[in-house]
Amino acid sequence: MTASENPATENPATDGGSLVDRTNYEGATFERANFKGATIRFSDVSGMTMRSVDVGGLDIDSHDLAFGSLFVNGVDVVPLVEAELNRQFPGRELQKATTPQGLREGWVAVQAAWQHTVDDTPASLVDAHVPDEWSLAQTLRHLVLATDAWLRSAILQVPAPFHEIGQLFTGAEAMGVDASAFRDDVPFDEVLRVRAERQQMVTTFLDEVTQETLAEPRNDPWGDEDWHPSVGDCVRVILEEEWAHLRYIRRDLALLTQQS
């Protein structure tokens, strides 16, 4: 599985509330069309060309931006975006670390950043969310799922790796995941308890991991038979998930705070 195929990306937005058009527009040309205020989700816009367009307020969010290119007025802005995100989130650059020490430091940095966010979130906002996005509680539950998938399932090969409070991503059932094994009625104190247990599992693993172990091959926990990540790859996916969802929830909490 490549990064662009990672199912555990940004929120699981449902189809509710507005018309969903699954028409295939590949190769189409739009002239003088009005897309003002439109929302595009879970769609393939790779290779899309936009010329003489009004992009004031255009908001693009791509979990996989770092793995491709995005040209604005002839300039590939991906390196600029990555540099700015690393500035905003100190330690984020270590999600690409290849050594045990680098991965340990990256894990410490992202956990400290998460603790700051959890501690600063008022109780009234832990279950609040902006339209089509996850709340803080749901986001933490998703990170439980991500840890179970990439550490307990892929790396440790635990036969029944998933905790029942895990938050599934859109399309999980279509991939063969048994959604009945998960539940939604989860008090926040239970979310925090299970989340802390999963965090400690990663910490313990990284405390003991060696360079040789990082190179060992594993299977994709979501069943992609064309990609066999190394243990190091699996750890890096965990770090990518942690940083990405931290960015999402801080963005959304800022909006919720403004509205309250």
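The rules we used
Residues numbered from 1 in each chain as written. Predicted model: local features only at pLDDT ≥ 70, side-chain atom pairs only at ≥ 80, totals over all residues. Heavy atoms only, no water. Salt bridge = Lys/Arg side-chain N within 4 Å of Asp/Glu carboxyl O. Buried < 20%, exposed > 50% of the residue type's maximum accessible area, 1.4 Å probe, protein only. Helix = DSSP H or I, 4+ residues; strand = E, 2+ residues; numbered from the N terminus. Patch = residues over 30% accessible without salt bridge, like charges linked within 9 Å, V, L, I, M, F, W, Y side chains within 5 Å. Areas by Shrake-Rupley, 256 points an atom, 1.4 Å probe, with all protein chains shown as cover. Axes fitted to C-alpha atoms, helices over the stretch in contact; angles between N-to-C directions. Parallel < 35°, antiparallel > 145°, perpendicular 65-115°, else oblique. Left-handed = near helix turned anticlockwise from the far one by under 90°. Contact = heavy atoms within 4.5 Å.

(A) A look at the pattern of salt bridges. Enumeration according to the criterion identifies 19 salt bridges in this entry. Across the pair Arg183 and Glu190 runs a salt bridge, and its minimum N-O distance is 2.4 Å. Overall, the relative accessible area of 15% leaves Glu190 in the buried class. Ionic pairing is found between Glu190 and Arg193, a salt bridge with its closest N-O pair at 3.9 Å. With Glu190 and Arg193 both in helix α4 (residues 188–208) and three residues apart, the pair spans about one turn of that helix. With relative accessibility at 42%, the residue Arg193 sits in the partly exposed group. Each of Asp148, Arg152, Glu164, Arg183, Asp185, Glu190, Arg193, Glu197 and Arg198 takes part in a single network of salt bridges with overlapping partners.

(B) Region of the structure containing a nonpolar patch on the surface. Taken together, the side chains of Ile40, Val45, Met48, Met50, Val53, Val55, Leu58 and Ile60 make up a nonpolar region of the molecular surface, amounting to roughly 760 Å² of accessible area. Assignment of secondary structure puts Met48 in the segment before β1 (71–72). On the basis of relative accessibility, which here comes to 52%, the residue Met48 falls in the exposed class.

(C) Looking closely at the packing of helix α2 (residues 100–120) against α4. α4 packs onto α2 with a crossing angle of 165 degrees between their chain directions and a minimal axis gap of 10 Å. With respect to α4, the axis of α2 lies roughly antiparallel. For the crossing formed where α2 meets α4, the hand is left-handed. Packed against α2, whose contacting residues are Leu103, Arg104, Trp107, Gln111, Trp114 and Val118, the element α4 presents Leu192, Arg195, Gln199, Val202, Thr203, Leu206 and Asp207 at the interface.

Any functional reading would require information beyond the geometric quantities listed.
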